[in-house]
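# Structure at a glance
Here's the letter readout for the chains.
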Amino acid sequence: MTTQSFDQRDDDRTIRLAEHLAFSRSFQTLFNEGMALVDETAAYLDGLGRLEAKRLSKAASTLYAAESMRLTTRLMQVASWLLLQRAANQGDMSRTQVEAEKSKVCLEGVGNSRDAQYYTDLPEEFRSLVERSMKLERRIAMLDREIYGDAALAVDTSRNPVAEQIDLLRTAFVS
């Protein structure tokens, strides 16, 4: 019977696939997907989304406004993370610099209104953008946890400006 020993050197040779992805050329696919979603969302919200929002009931319009704030906040956080990783991938920033800047990025902290009463009244394309952004955010958050550990989950929940605005909207429009 052979006994295997484990020492620190074995741990140092462990290949972290998530970290390998984030610091490799294949990261460009994820980066392109994320930035394309940011562009697509911006074009929709500035164009067709603006027109569709005008046709909604008052309650659905309020939900649309709140959810669009969440959507843009979520995508800004995703874009920030992607840009930091690309900077690290291209050698413009060290991992230490990325970790320091990454602490300002909040993934999975915005929430959503999918269970709200009027959510199904929102335009289909808008709901699709919300769903796609949440899937992308979850993928990136999972990748982030794999690379940087569970400390990446630390979210300052003491103050959430988006949630505060949404609460104000609810107070103003919900009887």
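Conventions used here
Residues numbered from 1 in each chain as written. Predicted model: local features only at pLDDT ≥ 70, side-chain atom pairs only at ≥ 80, totals over all residues. Heavy atoms only, no water. Helix = DSSP H or I, 4+ residues; strand = E, 2+ residues; numbered from the N terminus. Buried < 20%, exposed > 50% of the residue type's maximum accessible area, 1.4 Å probe, protein only. Contact = heavy atoms within 4.5 Å. Areas by Shrake-Rupley, 256 points an atom, 1.4 Å probe, with all protein chains shown as cover. Core = buried A, V, L, I, M, F, W, Y, C linked by side-chain atoms within 4.5 Å. Salt bridge = Lys/Arg side-chain N within 4 Å of Asp/Glu carboxyl O. Axes fitted to C-alpha atoms, helices over the stretch in contact; angles between N-to-C directions. Parallel < 35°, antiparallel > 145°, perpendicular 65-115°, else oblique. Left-handed = near helix turned anticlockwise from the far one by under 90°. Phe/Tyr/Trp six-rings, centres within 6.5 Å; stacked < 30°, edge-to-face > 60°. pLDDT = per-residue confidence, 0-100. Nonpolar A, V, L, I, M, F, W, Y, C, P; charged D, E, K, R; others polar.

The next thing to look at is the overall build of the protein chain. The secondary structure content of the protein chain amounts to eight helices and zero strands. Scored against the burial criterion, the 175 residues of the protein chain give a buried share of 34%. Looking at the protein chain alone, contacts between residues at least 24 apart form 82% of all its contacts between residues at least 6 apart. For the protein chain, the exposed area adds up to about 11100 Å²; of that, 51% sits on carbon and sulfur atoms.

Take the nonpolar core next. Grouped burial of nonpolar side chains is what soluble globular proteins tend to show. Formed by 35 residues in total, the largest nonpolar core has its most connected members in Tyr64, Trp81, Leu82, Phe126 and Ile140. Only α3 (27–46), α5 (58–89) and α7 (124–148) provide two or more residues apiece to this core. Tallying contributions element by element places α5 first for this core, with eleven residues.

Our next topic: the pattern of salt bridges. Taken as a whole and assessed by the stated rule, the structure comprises eight salt bridges. Of the charged contacts, one joins Glu101 and Lys104 as a salt bridge, the two residues approaching to 3.1 Å between their closest N and O atoms. The class for Glu101 is partly exposed, based on a relative accessible area of 33%. Residue Asp144 pairs with Lys102 through a salt bridge whose shortest N-O separation is 3.4 Å.

Contact geometry for α3 and α7: axes closest at 11 Å, N-to-C directions at 150°. Taken together, α3 and α7 sit at an angle that is classed as roughly antiparallel. When you trace α3 past α7, the crossing you get is left-handed. For the pair α3 and α7, the contacting residues are Leu30, Glu33, Gly34, Leu37, Glu40, Thr41, Tyr44 and Leu45 in the first and Glu125, Phe126, Leu129, Arg132, Ser133, Leu136, Arg139, Ile140 and Leu143 in the second.

Scanning the model with the defined rule gives three aromatic pairs in all. A ring pair is formed by Tyr64 and Phe126, whose centres lie 4.4 Å apart and whose planes are at 40°; its orientation type is tilted. With a gap of 62 residues between them, Tyr64 in helix α5 and Phe126 in helix α7 connect regions that are remote in the sequence. Each member of the pair, Tyr64 as well as Phe126, carries the same accessibility label: buried. Each residue in the set Tyr44, Tyr64 and Phe126 is aromatic and connected to the rest through ring pairs, giving one cluster.

The next point concerns the confidence of the model for the protein chain. In the predicted model, the protein chain carries a mean pLDDT of 80, and 71% of its residues have values of at least 70. Here helix α1 (residues 8–12) stands out as the element of the protein chain with the lowest mean pLDDT, 48, in contrast to helix α4 (residues 48–54), whose mean of 96 is the highest. Contacts from residues 1–11, a stretch scored under 50 in pLDDT, to residues over four places away or in other chains number two contacts. Overall, residues 152–157 carries pLDDT values under 50, and its contacts beyond four positions in sequence, including any with other chains, amount to six contacts.

Attention now goes to the packing of α3 against α5. Viewed as axis vectors pointing N to C, α3 and α5 meet at an angle of 150°, and their least axial separation amounts to 10 Å. As the angle between them shows, α3 and α5 are arranged roughly antiparallel. As α3 runs across α5, the sense of the crossing is left-handed. Contacts from Phe27, Leu30, Phe31, Gly34, Met35, Leu37, Val38, Thr41, Tyr44 and Leu45 of α3 reach α5 at Tyr64, Ser68, Leu71, Thr72, Leu75, Ala79, Trp81, Leu82, Leu83, Gln85, Arg86 and Asn89. For the contact of α3 with α5, a count of residues per class yields 15 nonpolar, six polar and one charged.

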